Amino acid sequence: MPSDDPVEQRLVDRVRALGGPFAVAYSGGADSALVLAAGVRVLGPEHVLAVTAVSESLAGGELSHARRLADELGVTHLTPRTNELTRPGYRANGPDRCYFCKSEVLDTIAALAHEHGFDLVATGTNADDAADPYRPGVRAGRERGIRTPLLDAGLTKADVRRLSRHWSLPTWNKPATPCLASRVRYGIEVTPYRLARVDRAEAAVRALLAEAGLQVTDLRVRDLGDRARVEVDPALVPRTAALPALAEALAGAGFAGLPHLVEPFRSGRLNIDS
């Protein structure tokens, strides 16, 4: 039965138009979760495969959240190891870093999906992503013929969140959690150590804020080479900066001996300034 919601109907139509079972490059974020849920609604869980790439760039806790939702949707969930750090273009950390990351991830996912009988692979790329000039990873998907039902249906990030809420997906208000390499300033080599200390620092700062009774939505710890920058919701900046244990938490995570700043969170800030 057609939906009264034109956004929902467009997505259902695009998923149906894929013409067969498909695998989802599934990070566990709002976008790929909606693609996964749409596949289950249209085709049934046995015709959708969730594949989450696991590497040093995946933030702690993300895999368990992704696994939980895949289980709730009743789909098979695979978690292959990917090796972005073996790609020189990724380690060099230029503005095109995401191209090399997505190339590694999508190549791995496509090969594994094919082994399990899924010849189509879809991502959660949405209309806002495609319009963003700082998304070289989108090009990697286009080169490989990866399907983009959200983009093809014209869904924006706001559409994704609204429809996810309508479908009672727990990811409807999940903050974006891009790969850890996105916290490292361009031109600074991406290494396992840098990724791990960013992950530890974000976990430590989040715990510190919780202990202080401060509920944070967006949190990043940026590795700027000669200093660290903590970015939080604008309203929390003064109180976060005043936390006496903040410097100790950052030092314990691996930023010892480096000064730090606390500033308002801005998505994709390293694409614009340092």
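Residues numbered from 1 in each chain as written. Predicted model: local features only at pLDDT ≥ 70, side-chain atom pairs only at ≥ 80, totals over all residues. Heavy atoms only, no water.

1. A few points about the sheet that holds strand 7 (residues 260-264)
Across a sheet, strands are paired by hydrogen bonds formed along the backbone, either parallel or antiparallel in direction.
Move 1: Strand order across the open sheet formed by three strands is 5-6-7, with mixed pairing between neighbours. Looking at strand neighbours, the two that pair on one side only are strand 5 (220-223) and strand 7, the edges of this open sheet. With direction set aside, neighbouring strand axes in the sheet form an average angle of 25 degrees.
Move 2: Contacting strand 5 and strand 6 (228-232), helix 10 (residues 192-211) runs over the sheet at an angle of about 145 degrees to strand 5.
Move 3: Each of strand 5, strand 6 and strand 7 touches helix 12 (residues 246-255); the most contacted strand, strand 7, lies at about 110 degrees to it. (Pairing = 2+ DSSP bridges. Helix = DSSP H or I, 4+ residues; strand = E, 2+ residues; numbered from the N terminus. Axes fitted to C-alpha atoms, helices over the stretch in contact; angles between N-to-C directions. Contact = heavy atoms within 4.5 Å.)

2. Some points on the environment of Arg 165
Move 1: Position of Arg 165 among the secondary structure elements: in helix 9 (residues 157-166).
Move 2: When its relative accessible area of 54% is taken as the criterion, Arg 165 is described as exposed.
Move 3: A sequence separation of 131 residues divides Arg 165 from Leu 34, and the C-alpha atoms of the two residues are 10.0 Å apart. (Buried < 20%, exposed > 50% of the residue type's maximum accessible area, 1.4 Å probe, protein only.)

3. Some words on the pairing of strand 6
In the case of a regular strand, side chains alternate between the two sheet surfaces.
Move 1: The buried fraction of strand 6 is high, at five of five residues.
Move 2: Here four bridges tie strand 5 to strand 6, and the two strands are oriented antiparallel to one another. Considered in strand 6, the bridge of Val 221 is made with Val 230.
Move 3: Between strand 5 and the antiparallel strand that follows it, strand 6, lie four residues; Gly 225 among them carries a positive phi value of about 90 degrees.
Move 4: Note that strand 6 and strand 7 share five bridges and pair parallel. Its bridge partner lying in strand 7, Val 230 is registered against Val 262.

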